[in-house]
Amino acid sequence: MSITEQKPIISKLEQQELRRLLAENKRIDGRSPLQYRNINVHLGYVEKAEGSALVELGNTKVLAAVKVGIAVPFADTPNEGILIVNAELVPLASPVFEPGPPSEESISLSRYVDRSIRESKSIDLSSLCIVPGRSVYSLYVDLYILDYDGNLIDASVIASVNALGITNMPKYVVEGQAVKKTDEYFKLELKDHPVSITYAFLDDKYVVDPCLNEEYASDFTVSMTVKSDDRFCAIQKNGGGMIPPRKVIELLDRSVELGKELRTVAYGQLTAGNG
Amino acid sequence: MGEHVVLFNEDGSRTDGRGLDELRPIRIKVGVLSNAQGSAYIEQGKNKILAAVYGPKEALPKHISLPDRCILRCRYHMAPFSTTERKSPAPSRREIELSMVLRNALEPLVMTSLFPRTVIDIFIEVLQADGGTRCAGLTAAVLALADAGIPLRGLAAACAVGKADGKVIVDLNDLEDKYGEADMPIAYNPTLDGITLLQMDGIMSKEEVEQALSLAITATQKMHKMQVDALRERFSVQRRET
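Residues numbered from 1 in each chain as written. Chains lettered and ligands numbered in written order. Predicted model: local features only at pLDDT ≥ 70, side-chain atom pairs only at ≥ 80, totals over all residues. Heavy atoms only, no water.

1. Re the overall build of chain A
Then, number 1: Summing up its helical and strand segments, chain A has six helices and 13 strands in all.
Then, number 2: Against the compact-globule benchmark of 19 Å for 275 residues, chain A has a radius of gyration of 20 Å, which places it among compact chains.
Then, number 3: Taken over the C-alpha atoms alone, chain A extends approximately 70 × 40 × 35 Å along its principal axes.
Then, number 4: Each of the 275 residues in chain A was classed as buried or not, and the buried ones make up 56%.
Then, number 5: Considering only intrachain contacts with a sequence separation of at least 6, the fraction spanning at least 24 residues in chain A is 68%. (Helix = DSSP H or I, 4+ residues; strand = E, 2+ residues; numbered from the N terminus. Rg over C-alpha atoms; globule rule 2.2 N^0.38 Å. Buried < 20%, exposed > 50% of the residue type's maximum accessible area, 1.4 Å probe, protein only. Contact = heavy atoms within 4.5 Å.)

2. Considering the packing of helix 2 (residues 104-119) of chain A against helix 1 (residues 93-106) of chain B
A pair of packed helices is captured by two measures, namely the crossing angle of their axes and the spacing between those axes.
Then, number 1: Look at helix 2 of chain A against helix 1 of chain B: their axes get within 9 Å of each other, and the N-to-C directions meet at 105°. Taken as axis vectors, helix 2 of chain A and helix 1 of chain B run roughly perpendicular relative to one another. Residues Glu104(A), Ile107(A), Ser108(A), Ser110(A), Arg111(A) and Arg115(A) of helix 2 of chain A lie in contact with helix 1 of chain B, whose contacting residues are Arg93(B), Arg94(B), Ile96(B), Glu97(B), Met100(B) and Arg103(B).
Then, number 2: Here the contact of helix 2 of chain A with helix 1 of chain B is composed, by residue class, of three nonpolar, two polar and seven charged. (Axes fitted to C-alpha atoms, helices over the stretch in contact; angles between N-to-C directions. Parallel < 35°, antiparallel > 145°, perpendicular 65-115°, else oblique. Nonpolar A, V, L, I, M, F, W, Y, C, P; charged D, E, K, R; others polar.)

3. Topic: the packing of aromatic side chains
For any pair of aromatic rings, geometry is given as the distance between the ring centres together with the angle between the planes.
Then, number 1: All chains considered together, the criterion is met by seven aromatic pairs over all chains.
Then, number 2: Arranged with centres 5.0 Å apart and planes meeting at 20°, the rings of Phe97(A) and Tyr148(A) form a pair that is stacked. With Phe97(A) in the loop between strand 5 (82-89) and helix 2 and Tyr148(A) in the loop between strand 7 (135-147) and helix 3 (152-165), the pair connects residues that are 51 residues apart, well separated along the chain.
Then, number 3: Here Tyr148(A) falls in the buried class, since its relative accessible area comes to 9%.
Then, number 4: Judged by centre distance (4.8 Å) and plane angle (15°), the ring pair of Phe201(A) and Phe220(A) falls under stacked. Of this pair, Phe201(A) sits in strand 10 (residues 195-202) while Phe220(A) is found in strand 12 (residues 220-226), placing the two residues 19 residues apart along the sequence. Each member of the pair Phe201(A) and Phe220(A) is classed as buried.
Then, number 5: Linked through ring pairs, Tyr199(A), Phe201(A), Tyr206(A) and Phe220(A) together constitute an aromatic cluster.
Then, number 6: The lysine or arginine in question, Lys167(B), covers the ring of Phe8(B), its NZ or CZ lying 4.1 Å from the ring centre. (Phe/Tyr/Trp six-rings, centres within 6.5 Å; stacked < 30°, edge-to-face > 60°. Lys NZ or Arg CZ within 6 Å of the ring centre and 35° of its normal.)

4. Thoughts on the interface of chain A and chain B
Then, number 1: Taken residue by residue, the interface counts 37 residues in chain A and 47 residues in chain B.
Then, number 2: Counting the surface chain A buries against chain B, the share from its top three residues, Met1(A), Thr4(A) and Met242(A), is 18%.
Then, number 3: The partner of Arg115(A) in a salt bridge is Glu97(B), with the nearest N and O atoms 3.3 Å apart.
Then, number 4: One can count 20 residue pairs in polar contact (both at pLDDT 80 or more) joining chain A with chain B.
Then, number 5: Put simply, the parts of the chain that give the side of chain A that touches chain B at least two residues each are strand 1 (2-3), strand 5, helix 2, strand 13 (232-238) and helix 5 (245-266) of chain A.
Then, number 6: Residues that form the side of chain A that touches chain B fall into these classes: 16 nonpolar, eleven polar and ten charged.
Then, number 7: Where strand 1 of chain A and strand 4 (residues 71-78) of chain B come together, two bridges link them in antiparallel fashion. When the sheet's bridge partners are listed, Ile3(A) is paired in strand 4 of chain B with Arg73(B). (Buried area = accessible area lost by both parts, 1.4 Å probe. Salt bridge = Lys/Arg side-chain N within 4 Å of Asp/Glu carboxyl O. Polar contact = N/O pair within 3.5 Å; in protein donor to acceptor, adjacent residues only side chain to side chain. Pairing = 2+ DSSP bridges.)

5. Thoughts on the sheet that holds strand 2 (residues 38-44) of chain B
Then, number 1: Spatial strand order, 1(A)-4(B)-5(B)-3(B)-2(B)-1(B): six strands in an open sheet with mixed pairing. Of all strands in the sheet, those bounded by a partner on one side alone are strand 1 of chain A together with strand 1 (26-30) of chain B.
Then, number 2: Judged from the nine bridges that link them, strand 3 (residues 47-58) of chain B and strand 5 (residues 118-128) of chain B form a sheet pairing that is antiparallel. Its bridge partner being in strand 5 of chain B, Tyr54(B) is matched across the sheet by Asp121(B).
Then, number 3: Strands strand 1 of chain A together with strand 4 and strand 5 of chain B of the sheet are contacted by helix 1 of chain B, whose axis makes an angle of about 140° with strand 4 of chain B.

6. Thoughts on the nonpolar core
Then, number 1: Within the largest apolar cluster, 146 residues are counted, with the highest numbers of intra-cluster contacts made by Leu139(A) and Met184(B).
Then, number 2: Ignoring sequence-local partners within four residues, the contact set of Leu139(A) consists of Val66(A), Lys67(A), Val68(A), Ile82(A), Leu83(A), Ile84(A), Ile123(A), Leu128(A), Leu164(A), Met169(A) and Leu188(A).
Then, number 3: Formed by six residues, the second largest nonpolar core is a distinct cluster that contains Val5(B), Phe8(B), Ala164(B) and Leu172(B). (Core = buried A, V, L, I, M, F, W, Y, C linked by side-chain atoms within 4.5 Å.)

7. Remarks on the sheet that holds strand 8 (residues 182-189) of chain B
Then, number 1: On the basis of which strands lie adjacent, the open sheet formed by eight strands has the order 11(A)-10(A)-12(A)-13(A)-9(B)-8(B)-6(B)-7(B) and antiparallel pairing. Each end of this open sheet is capped by a strand with a single partner; those strands are strand 11 (205-208) of chain A together with strand 7 (167-170) of chain B. Within the sheet, the average angular offset between the axes of one strand and its neighbour, ignoring direction, is 20°.
Then, number 2: When strand 6 (residues 157-164) of chain B meets strand 7 of chain B, the two strands line up antiparallel, connected through four bridges.

8. Quick look at unusual backbone geometry
Then, number 1: Here Gly55(B) and Pro56(B) are connected by a cis peptide whose omega angle stands at 0°.
Then, number 2: Mapped onto the elements of the fold, Pro56(B) is located in strand 3.
Then, number 3: The omega torsion across Leu60(B) and Pro61(B) is -10°, close enough to zero to call that bond cis.
Then, number 4: Considering the arrangement of structural elements, one finds Pro61(B) in the loop between strand 3 and strand 4.
Then, number 5: The backbone phi angle of Asn151(A) is positive, close to 50°, even though this residue is not glycine.
Then, number 6: Its place among the elements puts Asn151(A) in the loop between strand 7 and helix 3.

9. Some thoughts on the pattern of salt bridges
Residues and elements named next belong to chain B.
Then, number 1: Inspection of the entire model under this criterion finds 44 salt bridges over all chains.
Then, number 2: A salt bridge links Lys57 to Asp121, with the nearest nitrogen and oxygen atoms 3.0 Å apart. Here Lys57, found in strand 3, pairs with Asp121, found in strand 5; they are 64 residues apart in sequence, far enough to count as distant.
Then, number 3: A relative accessible area of 3% places Asp121 in the buried class.
Then, number 4: A salt bridge links Arg73 to Asp121, with the nearest nitrogen and oxygen atoms 2.7 Å apart.

10. Digging into the environment of His63(B)
Then, number 1: Along the chain, His63(B) turns up in the loop between strand 3 and strand 4.
Then, number 2: With a relative accessible area of 60%, His63(B) lands in the exposed category.

11. Digging into the side chain of Ser120(A)
Residues and elements named next belong to chain A.
Then, number 1: Mapped onto the secondary structure, Ser120 falls in the loop between helix 2 and strand 6 (129-131).
Then, number 2: Looking at Ser120, its side chain comes within polar contact range of the main-chain oxygen of Ile117, at 2.9 Å.
Then, number 3: Engagement of the side chain of Ser120 in a polar contact is seen with the side chain of Ser122, the distance being 2.7 Å.
Then, number 4: Aside from chain neighbours lying at most four places away, what touches Ser120 is Arg115, Asp192, Pro194, Lys227 and Cys233.

Written as structure tokens, this is what we have:
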């Protein structure tokens, strides 16, 4: 059962301060309402993984690693490789993360990242078939949240796409009835560079890329994932509250604009030659 | 994916004969269960969904309660026989996500500060699934809350909109949901002009999202009228009995 979350008590004073600042188009960390925090991307952070990336979005740190294997395809998609996204909210990252089975927050995060990658067709899964109905490549994208200062969604999408963008696929060959791993590798082809843009609403105003305090003080957040061709592949409102339809339309415009900027920053290293 | 599935007839109508902005037949009944404080049943196309509300009641264990308002617990669940292939009764990742999304969509409608330290349980049980179950489930859950006599800021109805074969359509059925290009479930409260549930997956341009959004608002306004009628029917019957 999903139960009303107990948000940590951030003081009423701080909530008031965040709203007061926003009325003057200011934020507690000095950013403007539509400004992202600094983004750092370290490609290939984990050498044991076939592809990995550590992304720092301000103080939020997300490590994404791709492990490649072979598996039996799902019955309804016998000619397609398997993509599975999983998110671990590691307890060392925040006092609100607890060990145990995946929380609904972690499930919702991994499902949103999965949709962003899958629906944008960033990976051509039909190119990952080895023997139809019997053997396909499996891509496990594991997201490790290492430090939590808000906006896990955007950081996780950036980390996953970067990790997939440098993934080296071990080549498998068919020998009679068996599928064997060879010493050769080939590059996983990335067809798109989706970015997610998250907005946190405080009353009728909103900020982009909320830090943790803003996230806690907000009524709800809206995330939108934009493809390289400016089309949308995932949208989700998280948290309570109501959003008027005209605000949604305003966010669509904003997301197209902000998406272009964010894409160059987030995937600069990929497109500069590594990718 | 893979093979191409035909989603439109030659005359441009949809596989079930509907127009692009046409809802499936909807039947709603409020007050269908004897033990729940509030309940509702909805049929939308081949969907058959029950919603029940228990509470407000004391929140136990005590640490889950909030001192200034009531909390909501919500479970969206699909019966094992509701789909073509049997679905395991254990909650899937999808059901866990939807339970959360539905709780988030219902919470802003409930005047929670009237019932501090209590809990309201909302159960949504899908008996037969035909695409758009979260939306139909929400439409029923809102009525179950109203039936339980819980003060609400307003009703909300939900409807999926999306895109199939390049056309923006309303109220996707199972086939259109599986083989269409995009699915966007929306819950809308017409009295406060607020969207309480918003999700989208699949690919749509900005213009298509805008178009789908406006179709969703018209559709949910129609459904809102049906909700009001269903409540009226429920309470007029009760008046005759007493």
